[in-house]
Each structure stands twice: as C-alpha cells, then as structure tokens.
Amino acid sequence: MSATRPDRAEAGGAHRRAPAPSTAPDSGPSPLPLGAGDPGDPGVPDGRTYTAPTDAPDAAGTPTGSSTGSSTGSSSGSSSVAGRLRAAPARGRVLLRSIASRWRRSLQFRTVVATMLLTSVSFVAVGGFLSNQIASALYDERFDQFSAEARAALTSTKAVFRDSSATDRDTTSRLVLDSVNALVGNETDAPRQAMLVPITGGEGLFVPATVSQDGATAGMLPEDLQQAVDGGQDVYWAPITIPVTQDGDQDAPGIAFGTQVQLPPERSPYALYVYYDLSSMQSTLDYIHGVLWLVGLVLLLVIGAITWYVTRSVVLPVGYAASVSEKLAAGQLQERMEVTGEDEVARLGASFNHMAGSLQDQITQLAQLSQMQQRFVSDVSHELRTPLTTVRMAAEVLHDARDEFNPVNKRSAEILFDQVERFQALLADLLEISRFDAGAAVLEAESVDIVQLVQHAIDGARPLADRLGSDLGIVSAESSCIVDADARRIDRILRNLIVNALEHGEARPVEIHIACNPEAVAVAVRDYGIGMTPLQASRAFDRFWRADPARARTTGGSGLGLSIAAEDARLHSAWLEAWGMPGEGACFRLTLPRRQGTELTSSPLALPPSGSTSAGQAGHEPPQQAPEDVGTEARESSATQ
C-alpha cells in the first residue's frame, strides 16, 4: 500500500467518464506503498482539509454559480448605476479622510482600533493553529482506521478472485457483483463504496466496470492513483472528490484505496477500489470552524467594548481637564474639575484644581498690584501737575531775569528751567502711559493726508536738525496719501521717530520715505548713524530703556517715546517695525491701514527702503512679532509730546 499525491482525474479509456472536480494539485511524486510512509510525514500529501470546489463547470463549460440574462435595463437606470459607481470612490475617500482625522484626534479611537486589530491577528493565528491541530488529530485517527480496513478488505477480495474457479462470464459477473457489494460499508460517519474497473491494455476483459453507488465513475479517481494501481501490486491511496454521495451531497471529500486484481478465468487485470465518504468529517470540521469564528468574533467585540470602557474612564477626565485648561487660558479663572473617588485620576483632578486655584490667586494678586501701580502713577502724575505748574512759573521768572544774576546764579537758573521742562515732559508721558494701561485711550480717526503730517513733524524737528547739523528730506513719489487715522497720535509717532533718528544720526542726513497702495500707507525714517545690535533692538520699545545709558544726549527725554509710539500704532492696528546695523544706521517703518478695520498683509515700503544708500534687509512681508518686539535692530527714542 502507498500514498500518492492527489491529481486531476482524466479519462483513461472509453469506459471512463469526464473528470470530476478535485482539490488535488496538478502533479505529484510517484506513489509509495501504504505503510512505507506516515500520514503526518512531510513527504505525504496533506489530504486532511477536505474542502470541495464550490463552482464546477457544467456540460456547456459554464460555471454552476454563474447566471446569464439579457440587458433589458433602461438608459436612465444605467446612468443611475453609473453615477453611483462614480460616486463610490469619492465616498470612499471621504470615509478614509474621516477615519484618518479621527485617528489623529482621538486617543480612545486609536487605542480601541489598535487593540481590536492586534486581537484579531492573535485570534486568527490561534484559531488557525487550533483548527490545524483538530483536523490533524481527526484525520490521523481515521486514516489509520481506514487504511487497516481497506487493506484487509482489498486483500481478502483479491484472494477470493485469485482462488475462484469461475469459467464463464455469468459466474465471473456474479462473483464480481457479490465481491463489490461485500466491500460496501454503511457506517454513519464515513460510508464506504467500491468499484471494479478494467485496466487499459488488458486482454480478454469480458466483465464491464462495476460500481456499488450510482453516479460513481472511474473519472473521479486521480490519475496518479490509477497509474499506481495499473503498474503495481500493492495497495495505494489518494484523496478524491466524490461528485454525488449516497445522501445526495455534491462534490464531497473522500479518500480512495486501490489495488490490482485478476479475474478468472483468463486472469485479466482489473483495478479494485474502495473509497470513503468524508463529508461527515468535513461537516464536523466546518462546525468547529464556525464555532471558532463565532467565538472569536464575540470575544473581539467584548474586548473592544472593554477597551472602549477602560480607555473612556482615562481619556474622559483628560479631555475634561483639557477643556477646563482652555477655559482657564481664556480668563475664566473660576473653572475647576469635578473630582470623584480616590484613584490616580481623582488625585490628578485635585492637583489640577489646586494648581488652578494657586494660579488664580497669583494672577488676581498681580492684577491688583498692577492696578495699584497704575493708579499710583496716575494719581501721582495728576497730583504733581499743580505744584509742577507753580515751580515752572517760578523757573520761568528766574530764567527771564537770569541776565541780572551773577554767572553762577545765571547758570543755575538755566539748568533749573531745562530740568523743569524735562520733568513736565516726563509727567505728560506718564499720564499718557497710564491712559493706555487703563484702557482709556480712544482713537479719534479721521481722513488725513500723511504727507502733510510728515511735513508738519519735519517742521517741528527742524530746529533740532539745524543745531545737530543733519539734513531732513522726504523721499517719495507721492504728493498725497489719504488715510483714516488720529492725526494727533500719528504726529506724535512721527516726531518720536524723527527726533530719535536725529539724535542718533551722527550729524548725517535723515531720510523720510513715504509710499502707499490701495490697502496701506507706509512711512520709514532712515538714518545713517551708530545703529543698534540685535540685543539692544529686542528692548527698543521697553519703557525707560536707553540703548546707551552712559551716552550724553542733547535733548534729554523721558525714555517713554518709543513705548508710546508702539501703543499709538497698536491703537491704529498698524505695524511699527525697526531695522538696524551697527555702524550703518537704523530705519523705523510705520505701516497704517488706509481704512480702519482692515487687516494689514504687506507694506508698500521695504525695510529698509530700497532707495536708501545702505544695504539692508529688503522685502514687503508682514512682521513676525508684535510691534513692540519687531525688527532686526531698533533704538529707543527720547522725543517728548
């Protein structure tokens, strides 16, 4: 007896029918005697998974699962179907984008999906292993039983034919019929059938093919098995597909055993086969597979639900904490988390609330302190106005009569007058800053000509420019640029920038560039003086800051000029930017929207302007920082109101 690799069964002669479907491969090794190899040996074909083909071709060559029909649909129905088919990819892309967005934004969704995917892979691996082990155990047990039974039955029948004394056709036919019927077994789990077929090329074959089951033919036997039986004397086996079983099932799995016998009286060679119907075993395996799939699906859903619940208990407090944090950042300092229980999440909520309370206390304390400081500055500034006015009147009287004093008293009167003037300017700046801090600054916008405002500011700074030896000039192709702005505040910004440029211009020319477009108006004040370093530029708009505190300045100043200018620019939703280079000077650029409520996107002037004589950074891009922090280089102005 030997194990043969399954193959397609082809017609071996005129008495064989068309080949039946088979799950076996197309070719295989030569058959080996049964018992020489073990069913579990790697060299033995694996016939343990009995899955029959589902779609077999009929006599016309058309698969049994296919159907034909005429095209009777209307054109409107076809267009509707085509429209749905075209819309399907778009819906698929929308669904994928939605899933991808959900994956990025939801930690709970990622955890549940990842857990279910990993669990599914684990279930498939474990289920495949269990299914293989169950099928192997079931097959090994029954194969040994079938092999022993088939070997004994075939050997016994072979001996009956060999010892028979039949001399005519009728006697031989009855002997064959009785022997074939004797090989039939009616076990409920694996019924056994038999068939006797002539071997091709034999002589004196006067007994036709005999089968114990209707519909069974030699065509369902693999070609390898038939060739092994035709050429050997041992018992051989191979898995087969039974077209129709005794119970009416189609394409049922089975296993066939065969050997060569000789029939009297001429000792003609015939092939005797017995085969077992394994559909019951296949049903058992299918049931086990179904149970495994059902249990796996239920467990997968249960694990997904458990994962969702567990992650929800963790993610929900985190999301709630994020929501409370956003409210705290928006200024709702009274918001707190609800704390329940004593676990880690509860401790996190308690710690978060404690942190929020501490921050609220500190912010409230700082706000109160800031209000006190602002009120103190405002109150002191107002209280100083009356005595300062009296002191100034007295200083003016002394200054007017200084020619009657001796030289020492004369110089003292001049110094007193200058310092009182500076003190009054500082007091005015402090009052203006206090109004900004209190939010009391109001923009009184009207249509003004920026060219006229620049000319007015130049006229006011002309005496200082003449005294320092600097030339002031306007560089512009515009004769008029109308803009909605507060003329008083814009004039103060321009005077601060021009005086700042004169003071640090080292007696070199100062250029005021003007340009406009339909959306914005820009004014740039360019000097070629000492310039600024990046570190100094980062603090140019700080209050009471000076680029060089040790440097003597001719005009004094309160140290609040650029701070007030930055606040005025912010009130206009404008940009106040600065550029500078040590040894090459500096440039301050003011960009105003032509209409209030319009957001700036670019400036009509480069920074520094392209018409300047010094190399610098060019471009019209919007600033990347707030007005008080912008610019590569900047300097503090000491101009007063």
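Think of each chain on its own: its residues are numbered from 1, step by step along the sequence as written. In keeping with the model being predicted, local features are shown solely for residues with a pLDDT of at least 70 and side-chain atom pairs are shown and tallied solely at 80 or more, while totals for entire chains, interfaces and linings include all residues. Only hydrogens and water are set aside; all other atoms, that is, all heavy atoms of the structure, feed into the side-chain values.

S.K.: Quick question: what am I supposed to make of the pattern of salt bridges here?
M.R.: Proximity of charged atoms lets side chains of opposite charge pair with each other. Whenever Lys or Arg places a side-chain nitrogen within 4 Å of a carboxyl oxygen from Asp or Glu, that contact is recorded as a salt bridge. What the rule picks out here adds up to 14 salt bridges. Residue arginine 162 is joined to aspartate 163 by a salt bridge in which the shortest nitrogen-to-oxygen separation is 3.8 Å. For the salt bridge of arginine 495 with aspartate 491, the shortest nitrogen-to-oxygen distance reads 3.0 Å. Here aspartate 491 and arginine 495 lie together in helix H9 (residues 487-504), a separation of four residues that amounts to about one turn. Think of it in three bands: residues with accessible area under 20% of the maximum for their type are buried, residues over 50% are exposed, and the middle band is partly exposed, with areas taken using a 1.4 Å probe on protein chains only. The exposure class assigned to arginine 495 is partly exposed, which follows from its relative accessible area of 22%. For aspartate 491, a relative accessible area of 11% gives the class buried. A single network of salt bridges, built from pairs that share partners, joins Asp486, Arg489, Arg492 and Asp568. Only DSSP runs of H or I reaching four residues or more are called helices, and only runs of E reaching two or more are called strands; each is numbered from the N terminus.

S.K.: Sorry, what's going on with empty space enclosed by the protein here?
M.R.: Taking a probe equal in size to a water molecule and rolling it over the atoms shows the remaining empty space. Only protein atoms enter the 1 Å grid used here. Points where a 1.4 Å probe fits but cannot escape make up a cavity, open sets with protein on both sides within 12 Å along at least five of seven lines make up a pocket, and a residue lines them when an atom lies within 4 Å of a point. Grid points are joined across faces, edges and corners, and a volume is the space filled by probe spheres set on the points. Applying the stated criterion across every chain yields a total of three cavities of 30 Å³ or more. For the second largest cavity, the calculated volume is near 40 Å³. If you go around the second largest cavity, the residues you meet are Pro191, Gln193, Gln213, Ile242, Thr245, Gln246, Tyr275 and Asp277. Among the residues forming the lining of the second largest cavity, the class breakdown is three nonpolar, four polar and one charged. In the scheme used here, Gly and all other residues not listed as nonpolar or charged are polar, with Ala, Val, Leu, Ile, Met, Phe, Trp, Tyr, Cys and Pro taken as nonpolar and Asp, Glu, Lys and Arg as charged.

S.K.: Just to check I follow, could you spell out the nonpolar core for this structure?
M.R.: Counting 42 residues, the largest nonpolar core has Ile450, Leu472, Ile490, Ile498 and Ile512 as the members making the most contacts within it. Looking at this core, the elements that each hand over two or more residues are helix H8 (450-468), strand E9 (482-485), H9, strand E10 (510-516), strand E11 (520-527), helix H11 (561-571), strand E12 (575-581) and strand E13 (585-593). Not counting chain neighbours up to four residues away, the residues in contact with isoleucine 512 comprise Val454, Ile458, Leu472, Gly473, Ile474, Val475, Ile498, Val523, Ala524 and Val525. One finds Ala153, Leu154, Val261 and Val274 within the second-largest nonpolar core, a separate group that totals 27 residues. Definition used in this section: a nonpolar core is a set of buried Ala, Val, Leu, Ile, Met, Phe, Trp, Tyr and Cys residues joined via side-chain atoms within 4.5 Å. We call two residues in contact whenever any of their non-hydrogen atoms come within 4.5 Å of each other.

S.K.: What am I meant to see in the packing of aromatic side chains here?
M.R.: Between two aromatic rings, the relevant description is the distance of the centres plus the angle of the planes. Only the six-membered ring of Trp is used, alongside the rings of Phe and Tyr, when aromatic pairs are assigned; centres must lie within 6.5 Å, and planes under 30 degrees apart are stacked while those over 60 apart are edge-to-face, with the rest tilted. Per the stated rule, a full pass over the model turns up five aromatic pairs. Look at phenylalanine 143 and phenylalanine 257: their rings are 6.4 Å apart centre to centre, the planes differ by 40°, and that puts the pair in the tilted class. Taken together, the residues phenylalanine 143 in helix H2 (residues 107-163) and phenylalanine 257 in strand E5 (residues 250-263) connect sequence positions 114 residues apart. Each member of the pair, phenylalanine 143 as well as phenylalanine 257, carries the same accessibility label: buried.

S.K.: Looking at this model, I keep getting lost on a nonpolar patch on the surface. Mind explaining?
M.R.: In this scheme, patches are assembled from residues that exceed 30% relative accessible area and form no salt bridge. Like charges are connected within 9 Å, while nonpolar side chains (Val, Leu, Ile, Met, Phe, Trp, Tyr) are connected within 5 Å. For every accessible area listed, the method is Shrake-Rupley and the probe measures 1.4 Å; residues are considered covered only by the protein chains on display. A cluster of nonpolar residues, Leu294, Val298, Val302, Ile306, Trp308, Tyr309 and Val310, forms a patch on the protein surface that exposes about 690 Å² of accessible area. Relative to the elements of secondary structure, valine 302 occurs in helix H5 (residues 279-329). Owing to a relative accessible area of 41%, valine 302 belongs among the partly exposed residues under this scheme.

S.K.: Looking at this structure, I do not really get the pairing of strand E4 (residues 236-244). What am I missing?
M.R.: Regular strands have side chains that alternate between both faces of the sheet. Where burial is concerned, most of E4 is hidden: seven out of the nine residues are buried. Pairing between strands is defined by DSSP: at least two bridges between the two strands are required. Bridge count between E4 and E5: eight bridges; the pairing is antiparallel. Following the sheet pairing, isoleucine 242 is matched in E5 by alanine 252. A loop of five residues connects E4 with E5, the two strands running antiparallel in sequence, and glycine 248 in this loop sits at a positive phi of about 95°.

S.K.: Help me understand helix H4 (residues 223-231), please; the structure alone is not making it clear to me.
M.R.: Side chains that are three or four residues apart share a direction in an α-helix, a result of its 3.6 residues per turn. Buried within H4 we find Glu223, Asp224, Leu225, Gln226, Ala228 and Val229. Turning to H4, the residues buried within the fold contact E4, E5 and strand E6 (268-277).

S.K.: Would you take a moment to explain the sheet that holds E10 for this structure?
M.R.: Pairing between the strands of a sheet comes from backbone hydrogen bonds, and it takes one of two forms, parallel or antiparallel. The sheet built from five strands is open, its strands ordered E8-E10-E11-E13-E12 with mixed pairing. The open sheet has two free edges, formed respectively by strand E8 (472-476) and E12, since each of these has just one partner strand. The sheet shows a mean angle of 15° between the axes of neighbouring strands, direction not considered. Two elements, E10 and E11, share six bridges in a ladder whose sense is antiparallel. In the strand pairing of E11, cysteine 516 is matched with valine 521. Axes, fitted as lines to C-alpha atoms, cover a helix only where it is in contact. Angles between the N-to-C directions of the axes lie from 0 to 180 degrees. Strands in contact with H8 are E8, E10, E11 and E13; relative to E8, the strand with the most contacts, it is inclined by about 160°.

S.K.: I'm lost on unusual backbone geometry in this one. Help?
M.R.: Excluding glycine, residues mostly carry a negative phi; peptide bonds, for their part, are mostly trans. Note the cis peptide between proline 264 and proline 265, where omega equals 0°. With an omega of 0°, the peptide bond between leucine 607 and proline 608 qualifies as cis. One non-glycine residue, glutamate 506, lies in positive phi territory at about 55°. By secondary structure assignment, the location of glutamate 506 is in the loop between H9 and E10. Here the phi dihedral of alanine 507 falls at roughly 60°; this positive angle occurs in a residue that is not glycine.

S.K.: Any chance you could explain H9 here in plain terms?
M.R.: To estimate how far a helix should extend, the number of its residues minus one is multiplied by 1.5 Å. Over its 18 residues, H9 runs 26 Å from end to end, which matches the ideal 26 Å to within 8%, given 1.5 Å per residue. With 16 of its 18 residues buried, H9 lies for the most part within the structure. The definition of a polar contact used here is a pair of N or O atoms within 3.5 Å, where within protein one atom must be able to donate a hydrogen and the other to accept one, and adjacent residues in sequence count solely through side-chain atom pairs. For H9, the capping residue at the N-terminal end is aspartate 486, with a side-chain oxygen 3.2 Å from the backbone nitrogen of arginine 488. Just past H9, the residue glutamate 506 takes up positive phi, approximately 55°.

S.K.: What's the story with the packing of H8 against H9 in this structure? I'm lost.
M.R.: Any two packed helices are characterised by how steeply their axes cross, that is the angle between the axes, and by the distance between the axes. In contact at an axis separation of 9 Å, H8 and H9 are set at 35° when each is read in the N-to-C sense. The two elements H8 and H9 cross, and the hand of that crossing is right-handed. Taken together, the residues of H9 that come into contact with H8 (itself represented by Ile450, Leu453, Val454, His456, Ala457, Ile458, Ala461, Leu464, Ala465 and Leu468) are Ala487, Ile490, Asp491, Leu494, Arg495, Ile498, Val499, Leu502 and Glu503. Tallied by class, residues from the contact of H8 with H9 come to 15 nonpolar, one polar and three charged. Helix crossings fall into two classes, left-handed where the near helix is turned counterclockwise from the far one by less than a right angle and right-handed where it is turned clockwise.

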